[in-house]
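Here's the letter readout for the chains.
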Amino acid sequence: MTTGREPHKDDVRCSEALAEIFLLLDRECSPERDAQLRKHIEDCPPCLEEYGIDEQLKQLLHRKCGGDTAPDEFKQKLRASIYQTVERRGDLTIERTEVRLEQNAE
């Protein structure tokens, strides 16, 4: 989104936000990265729309799959594949990813 101001070094690009949208949805970002991504999504209508679609998809899958969880190895392979696709298509280089797992008490 163009805001009419000079970009700040901490600004998140759309390609970064979209590449990390599922990390955000799964609460696998650091608190600082979570805040940066959420700020971008709130200020960027196209990213906000994509976030909403992905959130609905995640909720639908959760309901239909009965809360089953994928094996960790599968999650790691899927995450790596998503990053590689984003890098190829978005001319984005991801240098470091922090992953934090939390068990939700439901």
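Along every chain, residues carry numbers that run from 1 in the direction the sequence is written. Predicted model: local features are reported for residues with pLDDT of at least 70 only, side-chain atom pairs are reported and counted for 80 or more only, and whole-chain, interface and lining totals are derived from all residues. Excluding hydrogens and water, the side-chain figures rest on all heavy atoms present in the structure.

Student: Where do I start with helix 4 (residues 45–64) in this structure?
Tutor: By the criteria applied, helices consist of DSSP H or I runs no shorter than four residues and strands consist of E runs no shorter than two, each listed in order from the N terminus. Each residue after the first adds 1.5 Å to the expected span of a helix. Counted at 1.5 Å a residue, the expected span for helix 4 with its 20 residues is 28 Å, and the 29 Å between its end C-alpha atoms agrees. Once helix 4 ends, the next one or two residues include Gly66, with phi positive near 65°.

Student: Any chance you could explain the side chain of Asp54 here in plain terms?
Tutor: Assignment of secondary structure puts Asp54 in helix 4. Accessible area is worked out with a 1.4 Å probe on protein chains only. A residue is then buried under 20% of its type maximum, exposed over 50%, and partly exposed in between. Judged by relative accessible area, which is 8%, Asp54 ranks as buried. Apart from the residues lying within four places of it in its own chain, the contact partners of Asp54 are Ile21, Phe22 and Leu25. What makes two residues a contact is simply this: any of their non-hydrogen atoms within 4.5 Å.

Student: It is not clear to me how the packing of helix 3 (residues 31–43) against helix 4 should be interpreted in this structure. Could you clarify?
Tutor: Each packed pair of helices is defined by two parameters, the angle between the axes and the distance between the axes. For the pair helix 3 and helix 4, the least separation of the axes is 5 Å and the interaxial angle reads 110°. Relative to helix 4, helix 3 is oriented roughly perpendicular. From helix 3, Arg38, His40, Ile41 and Asp43 reach across to helix 4, where they touch Pro45, Cys47, Leu48 and Tyr51. Here the contact of helix 3 with helix 4 is composed, by residue class, of five nonpolar, one polar and two charged. To define axes, lines are fitted to C-alpha atoms, for helices over the stretch in contact only, and angles between the resulting N-to-C directions are given on a 0 to 180 degree scale. Should an angle lie under 35 degrees it is considered roughly parallel, over 145 roughly antiparallel, and from 65 to 115 roughly perpendicular; all remaining angles are considered oblique. Throughout, the ten residues Ala, Val, Leu, Ile, Met, Phe, Trp, Tyr, Cys and Pro are labelled nonpolar, Asp, Glu, Lys and Arg are labelled charged, and all others, Gly among them, are labelled polar.

Student: How do you make sense of the pattern of salt bridges when you look at a structure like this?
Tutor: Two side chains carrying opposite charge are able to pair once their charged atoms lie near each other. We count a salt bridge whenever a side-chain nitrogen from Lys or Arg sits within 4 Å of a carboxyl oxygen from Asp or Glu. Here the structure, examined in full by the defined rule, presents six salt bridges. A salt bridge links Glu20 to Arg33, with the nearest nitrogen and oxygen atoms 2.8 Å apart. In this pair, Glu20 sits in the loop between helix 1 (14–19) and helix 2 (21–25) while Arg33 sits in helix 3, placing the two residues 13 residues apart along the sequence. With a relative accessible area of 14%, Glu20 lands in the buried category. Salt bridges sharing partners connect three or more residues here, namely Glu16, Glu20 and Arg33.

Student: What am I meant to see in unusual backbone geometry here?
Tutor: A negative phi angle is the norm for most residues apart from glycine, just as the trans form is the norm for most peptide bonds. The residue Arg27 is not glycine, and still its phi comes out positive at about 55°. With respect to the secondary-structure elements, Arg27 resides in the loop between helix 2 and helix 3.

Student: Help me out: how do you make sense of the nonpolar core in this one?
Tutor: For soluble globular proteins, nonpolar side chains are generally found buried alongside one another. Ala17, Leu24, Cys29, Leu37, Ile41, Cys47 and Tyr51 are the most contacted members of the largest nonpolar core, which totals 13 residues. Secondary structure elements with two or more residues in this core: helix 2, helix 3 and helix 4. With four residues, helix 2 is the single largest residue contributor to this core. Residues in contact with Ala17, not counting those within four places in the same chain, are Val12, Leu37, His40 and Cys47. Among buried residues, those of type Ala, Val, Leu, Ile, Met, Phe, Trp, Tyr and Cys that are joined through side-chain atoms within 4.5 Å constitute a nonpolar core.

Student: Would you explain helix 3 in this entry?
Tutor: Each full turn of the α-helix corresponds to 3.6 residues, which orients residues three or four apart in the same direction. When the terminal C-alpha atoms of helix 3 are compared, their 18 Å separation across 13 residues agrees well with the 18 Å that a helix rising 1.5 Å per residue should span. Arg33, Leu37, His40 and Ile41 are the residues of helix 3 that are buried. Buried residues of helix 3, viewed axially, fall in a sector of 100°; they line one side. In helix 3, those exposed residues whose orientation departs by more than 90 degrees from the buried face are Pro31, Glu32 and Glu42. As for helix 3, its buried residues are in contact with helix 1, helix 2 and helix 4. Regarding the arc, it is the one traced by the directions from the helix axis to the C-beta atoms.

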